[in-house]
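# Residue-level structure breakdown
Here is what each chain is made of, one letter per residue.
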Amino acid sequence: MTAMLGPAWTVKPDTPEDTGRQPLAVEAVIGAHATALVPGVITTTPHARYLSLHARLAIEAQRRGWADREDLKALHTLVRRSEVVLGAVSVAHAAAEDGHHLRAGSFGVHGVNTIRPELQRRRSVDVPRISGTYSRVAGGYLQTYAGIEAVLGLTDGGGIPQPGPAADADQLAALDEILTVASRDKPLSVADLDALRHLCVCAMADAPDGDCVRNAYFADTKGSTYARVHRDSTALLVGALTGEQIDGESIDMSMDRWLCFRPDLRDHVSEELYAHALVWRGALLRNWSVWAWRLIWARLVSPLSDTGTLQQAITKFVHGLPDVTVREALVDGLPPVIDGDGNPLPVEHDLYQEALNADDWTVLGMLRLLAVGAHRVDLLDPVTRAAYTGPFSDDLGPGYVTAWLTRDADRPLVDAVADLAGALFHRAESVSRQKMQWTRGGLRLPTRLRRVGDQWRLEGHEGRAAVSLRLQTLTNVIQQLGVLAHDGDTWSAGPRAIGGTS
């Protein structure tokens, strides 16, 4: 393997948490799918009532004529206090075990780790004091939600946000009480918070501000751009989860099983919704291949946690692979990926179950996961195939894997995988160079790999989880909006459900 020269990986990163994200740059296709299929949700925005709260705060900023730097400070103070009130009410209600978790979902409110100890210790919440500590960002979670609030038309997403076309002032007046309480300096007692439980994140479905946010997601109103996409994606998610056990498969696996591997899917969705389902199928199937690359990279570099050479890492990575050719292991040795009628078979799920039974993925299992993805390409319908391959030409997609399998088909598997591993190190270095930037502290290179003489060391650990398609967050949001529900045991369509599946 050609040695990697130069200073590229010798610069100490800022912190292990801030470095090495997406080192192989294979995740872009999944990020693009998530943005297209669930534009009004990101992984850090799981609470629908923050959307309405921020829209109500935008109305307040407009009413007060806030526009300059001093006004921004006043806005941030009001935002932070209001978010603490919402959080405190929700934390207190969650502790009361009044069916809160059936409606609020699985995510704790923002600031819960600051608010809950305060409430347990003092039996009250000092809103002004906690508002200074629950978030390290000046505007609290305003900017976290700003992008999707602009997408939904609730605000314009600005630093001092203005209300958008979906911000119905009459409906959002349901949150006036939060702003009133937030302006007071007196600590909120448990009794005070209990009296405000109608402002909990779990109480939104039947409140007027719930109507406002549901309309922003699903109604074809003026300024609405993504309502159809949200309706379709939500209808598919509800269809996939209905009847499923709460403590069963993950949300992503349930969606995967229903949209990718159910042969009679067409009988359960409308004709116009079916095309959207096929796009989801392509995204879900592709995520398995992206996950395989992340698993491979994490395993490949893991020996460098103790410092070593790249060759030592590669040798350990290929150790234990069978003494067969690439063709024997990854082409002829694969199970069928479609049934006799052309429906996809759940080979990825079978490989995943094998990994669960063995407590972890084997290197051969990761490679088989990649090979299955490459084998699927020519067996997919045109809509699914277009979504599956994606618009990116240099993301180690199924075409890359197919070319590798073809080129190295008759080589020993160990030799071919060793060369592939070397190529991945070169690719990660190239990706890191492209992200290199100068900061006030000097040159910053986003990588966890550091060179020490002829040795290499991994700072922290590389991520090995599947890339998020935002389904868990979407589930939480629509549960709070009453579109999806559960009784503590089984998922079902909620009282505010939308149509599209049968």
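### Section: the side chain of Asp209
As for its placement among the helices and strands, Asp209 is situated in helix α11 (residues 208–218). According to the relative accessible area criterion, Asp209 is buried, its value standing at 0%. Residues in contact with Asp209, not counting those within four places in the same chain, are Arg49, Ser52, Gln171, Leu172, Ala174, Leu175 and Met204.

### Considering the nonpolar core
With 148 residues, the main nonpolar core has Trp280, Trp293 and Phe425 as its most contacted residues. The dominant element in this core, judged by the number of residues it contributes, is helix α14 (residues 271–301), at 18 residues.

### Side note on the packing of aromatic side chains
The tally for this structure, following the rule as stated, stands at 9 aromatic pairs. Centroid distance Tyr50 to Tyr145: 5.7 Å. Interplanar angle 15°. Geometry classified as stacked. Remark: Tyr145 occurs in helix α7 (residues 142–152) and Tyr50 occurs in helix α2 (residues 48–64); sequence separation between them is 95 residues. Neither residue differs from the other here; Tyr50 and Tyr145 are each classed as buried. Here the aromatic rings of Tyr217 and Phe218 are separated by 5.8 Å at their centres, their planes lie at 35°, and the arrangement is tilted.

### Quick word on the pairing of strand β6 (residues 455–458)
A one-sided burial pattern is seen for β6, the buried positions being Trp456 and Leu458 and the unburied ones Gln455 and Arg457. Pairing of strand β5 (residues 449–452) with β6 involves 4 bridges; the strand directions are antiparallel. Each bridged residue has a counterpart across the sheet, and for Arg451 the counterpart in β6 is Trp456. Counting the residues in the hairpin turn of β5 and β6 gives 2 residues, including Gly453, whose phi is positive at 65°.

### Looking at the packing of α14 against helix α18 (residues 363–376)
Packing of α14 against α18 leaves a shortest axis separation of 9 Å and a crossing angle of 150°. Comparing the axis directions of α14 and α18 gives the class roughly antiparallel. The interaxial crossing formed by α14 with α18 has left-handed handedness. On α18, the residues touching Leu285, Trp288, Ser289, Ala292, Trp293, Leu295, Ile296 and Arg299 of α14 are Val363, Met366, Leu367, Leu369, Leu370, Gly373 and Arg376.

### Focus: the environment of His486
Along the chain, the position of His486 falls in strand β7 (residues 484–486). On the accessibility criterion, His486 (15% relative accessible area) is buried. Sequence spacing of His486 and Leu102 is 384 residues, and the spatial spacing of their C-alpha atoms is 6.3 Å. Among residues more than four places away in sequence, those in contact with His486 are His101, Leu102, Ile246, Gln479 and Trp491. A distance of 3.2 Å separates a polar atom in the side chain of His486 from a polar atom in the side chain of Gln479.

### So, the pattern of salt bridges
Overall, the coordinates contain 34 salt bridges when judged by the stated rule. A salt bridge links Glu249 to Arg257, with the nearest nitrogen and oxygen atoms 2.9 Å apart. For Glu249, a relative accessible area of 29% translates into the label partly exposed. Take Arg257: its relative accessible area is 38%, and that puts it in the partly exposed class. Of the charged contacts, one joins Arg376 and Glu348 as a salt bridge, the two residues approaching to 2.7 Å between their closest N and O atoms. Note that Arg376 is positioned in helix α18 and Glu348 in helix α17 (residues 347–357), a separation of 28 residues in sequence.

Rules used in this analysis
Residues numbered from 1 in each chain as written. Predicted model: local features only at pLDDT ≥ 70, side-chain atom pairs only at ≥ 80, totals over all residues. Heavy atoms only, no water. Helix = DSSP H or I, 4+ residues; strand = E, 2+ residues; numbered from the N terminus. Buried < 20%, exposed > 50% of the residue type's maximum accessible area, 1.4 Å probe, protein only. Contact = heavy atoms within 4.5 Å. Core = buried A, V, L, I, M, F, W, Y, C linked by side-chain atoms within 4.5 Å. Phe/Tyr/Trp six-rings, centres within 6.5 Å; stacked < 30°, edge-to-face > 60°. Pairing = 2+ DSSP bridges. Axes fitted to C-alpha atoms, helices over the stretch in contact; angles between N-to-C directions. Parallel < 35°, antiparallel > 145°, perpendicular 65-115°, else oblique. Left-handed = near helix turned anticlockwise from the far one by under 90°. Polar contact = N/O pair within 3.5 Å; in protein donor to acceptor, adjacent residues only side chain to side chain. Salt bridge = Lys/Arg side-chain N within 4 Å of Asp/Glu carboxyl O.

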